[in-house]
Amino acid sequence: MQLTVSGLRKSFSGQPALDDVSLTVASGELVALLGPSGSGKTTLLRTIAGLEQPDAGVVLFGDRDAATYRIQERGVGFVFQHYALFRHMRVEDNIAFGLRAQKSRRLPAHLIARRVGELLELVQLSGLEKRFPAQLSGGQRQRVALARALAIEPRVLLLDEPFGALDARVRKDLRRWLRDIHDRTGHTTVFVTHDQEEALELADRVVVMNGGRIEQAAGPDAIYDEPASPFVFSFIGDSSRLPVRIAQGRALFEGDDLDLDAGAMSEGEGHLFLRPEDMDMAQASGPGFPGRIVSMRRIGGMRRITLACGEAGHPVVFDVPAHRAFSLSQDLRLRICGGRMYLPSGGSFVAHRLKAHEVQDDRPPERSGNDA
């Protein structure tokens, strides 16, 4: 079922939690709501579920206004961060709870038992149906919570930080499992997360929220490679920011020519945002800019180095192979090979992808063995 929210506004004590939010989730799509605390993610999720009433705007399930449904009739499966399982009920009774509570189409006991068995197999908990929640691990409890949400065959599946209470290893295992479950069931799914890696790995589309508004809604590749605003660039992944001046088609940092093609960009001040992979070591006499190492840390097979650059000591991070030796306070020179420039324009920002100039190789081409 397609889910549409249009012009949603919601305030608490005069503070806007949702500020004119509009979003369409296609039938069978898996969408992640990502953003810092207080950005409006959970409020949006709860409004879709009917747990919060908007001050303005509309939620549509297909072509029907969700406000015309009672909460029980919306057909929403909701999974909470802390499971919300009934402690006094066994696993099988937790899963069956929604089916037994349905008044409009209550199933006979043998069909409920069959449905519970199918769901236990789906979430890989067959044989644990007689246990109580306290006898399960955190990951197993969350699987029970998801099975309970799926039991009512929801039109829309909503998950609020579903793996937030679990350790990192279990989270990785469960999010791969959740993606597999989604592909097999085809539910329209919206989930809230603070975890960027989780959102980029799981979702068909990522919705980045900030201050009650949607900053960008796009596929994972576009969110990472083509961020629409400085906030999205700085929030997703590791990044560095340098104040840069555009002059005569060139990008300058404190007088240093960064050897970046600014094309037809208007001259003036802006901010150059960089990811660690947008930089490399430069020759002492080549284009680039200097910095001094202030910290280093190991990340897998790479070493992430932070330089203090320019008079203000702007922090810039880049990666090198872990086997390369560096020391604190060592002076280095970096060459930029990518990045994105954001120029103020009427109170907003215009983004431009920058690319390093091609390095021309003046050496003659090698001759093949067949050349005469």
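For the structure itself, consult the block above.
Quantities reported herein were computed from a predicted structural model and do not represent experimental measurements. (Residues numbered from 1 in each chain as written. Predicted model: local features only at pLDDT ≥ 70, side-chain atom pairs only at ≥ 80, totals over all residues. Heavy atoms only, no water.)

Caption draft 1: Expanded view of the side chain of Arg175. As for its position among the elements, Arg175 is in helix α5 (residues 168-185). Looking at Arg175, its side chain comes within polar contact range of the side chain of Glu197, at 2.7 Å. Contact partners of Arg175, with chain neighbours within four places excluded, come to Phe163, Asp195, Glu197, Glu198, Glu201 and Leu202. (Helix = DSSP H or I, 4+ residues; strand = E, 2+ residues; numbered from the N terminus. Polar contact = N/O pair within 3.5 Å; in protein donor to acceptor, adjacent residues only side chain to side chain. Contact = heavy atoms within 4.5 Å.)

Caption draft 2: Looking closely at unusual backbone geometry. The backbone of Glu153 shows a phi angle near 50°, a positive value even though the residue is not glycine. Its location among the elements puts Glu153 in the loop between α4 (138-151) and β7 (156-160). Not every positive phi belongs to a glycine, and Gln248 is a case in point at roughly 55°.

Caption draft 3: Geometry of the sheet that holds strand β3 (residues 30-34). Taken in spatial order, the 6 strands of this open sheet run β6-β7-β8-β3-β9-β10, and their pairing is mixed. Where the open sheet ends on each side, the last strands, each with one partner, are β6 (76-79) and β10 (213-218). Direction aside, the axes of adjacent strands within the sheet are offset by 15° on average. Sheet topology places β3 next to strand β9 (residues 205-210); 4 bridges connect them, and they run parallel. The partner of Leu33 across the bridge, within β9, is Val207. Packing against the sheet, α4 makes contact with β6 and β7, and its axis sits at approximately 170° to β6. (Pairing = 2+ DSSP bridges. Axes fitted to C-alpha atoms, helices over the stretch in contact; angles between N-to-C directions.)

Caption draft 4: Layout of a negative patch on the surface. A contiguous patch of negative charge, built from Asp221, Asp225, Glu226 and Glu277, is present on the exposed surface. Glu277 sits in the partly exposed class, given a relative accessible area of 46%. (Patch = residues over 30% accessible without salt bridge, like charges linked within 9 Å, V, L, I, M, F, W, Y side chains within 5 Å. Areas by Shrake-Rupley, 256 points an atom, 1.4 Å probe, with all protein chains shown as cover. Salt bridge = Lys/Arg side-chain N within 4 Å of Asp/Glu carboxyl O. Lys, Arg positive; Asp, Glu negative; His and termini not counted. Charge placed at Lys NZ, Arg CZ, Asp CG, Glu CD. Buried < 20%, exposed > 50% of the residue type's maximum accessible area, 1.4 Å probe, protein only.)

Caption draft 5: How the structure looks around the sheet that holds strand β1 (residues 3-12). Strand order in this open sheet of 4 strands is β2-β1-β4-β5, and the pairing throughout is antiparallel. Both edges of this open sheet fall to β2 (15-25) and β5 (64-65), since each of them pairs with a single strand only. Note: β1 against β2, 8 bridges, orientation antiparallel. Each bridged residue has a counterpart across the sheet, and for Leu8 the counterpart in β2 is Val21. Across the sheet, helix α1 (residues 41-49) is in contact with β1, β2 and β4 (56-61); its angle to β1 comes to roughly 120°.

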